[in-house]
Amino acid sequence: MKVYWTDTAEGHLDAIYAYIAQDSPQYAKRMVDRLTRRSQQIADFPLSGRKVPEYKMDQIREVIEGLYRIIYHIKSDQIDVLAVIHGSQDILRQDKKED
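Anyway, here's the lowdown on the structure attached to this text. (Residues numbered from 1 in each chain as written. Predicted model: local features only at pLDDT ≥ 70, side-chain atom pairs only at ≥ 80, totals over all residues. Heavy atoms only, no water.)

## Some words on the nonpolar core
The biggest cluster of nonpolar side chains holds 21 residues, and the ones touching the most others in it are Leu35, Val81 and Val84. Of all the secondary-structure elements, those providing two or more residues to this core are strand E1 (3–5), helix H1 (7–21), helix H2 (25–44), strand E4 (68–74) and strand E5 (79–86). Top contributing element to this core by residue count: H2, with six residues. If we ignore the near neighbours within four places in the chain, the residues touching Val84 are Trp5, Ala9, His12, Leu13, Ile16, Leu35, Tyr68, Arg69 and Ile70. (Core = buried A, V, L, I, M, F, W, Y, C linked by side-chain atoms within 4.5 Å. Buried < 20%, exposed > 50% of the residue type's maximum accessible area, 1.4 Å probe, protein only. Helix = DSSP H or I, 4+ residues; strand = E, 2+ residues; numbered from the N terminus. Contact = heavy atoms within 4.5 Å.)

Shown next as structure tokens:
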């Protein structure tokens, strides 16, 4: 199945890169590469991620990569990566900020 990164998720990757790059541009690139490579797992095994506890919907799932949660929505014909957030962030609070 094809994986699409939403503008929001791409913005999160840019912010992660910018934050880490303050100390190490090389590590920032490696971290973003690790996060984006998880798309292959999601594409091959969409149900391999756990249900996101905050939403309790079968089609909203997440995989963990390091300290980050990659949250995605499984649709009939594609998968949309919705967000990439640090594990300590409150996703419900994040949603309210974006409204």
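From this point, the narrative continues.
## Topic: the sheet that holds E4
With respect to topology, five strands assemble into an open sheet ordered E1-E5-E4-E3-E2, the strand pairing being mixed. Across the chains shown, the open sheet's two edge strands, defined by having one partner strand only, are E1 and strand E2 (50–51). Two strands pair when backbone bridges link them, and E1 and E5 are joined in this way by three bridges, in the parallel orientation. Across the sheet, Tyr4 pairs through a bridge with Asp80, a residue of E5. Packed onto the sheet, H1 meets E1, E4 and E5 and runs at close to 30° relative to E5. Its contacts with the sheet put H2 on E1, strand E3 (60–65), E4 and E5, and the angle it makes with E3 is roughly 135°. (Pairing = 2+ DSSP bridges. Axes fitted to C-alpha atoms, helices over the stretch in contact; angles between N-to-C directions.)

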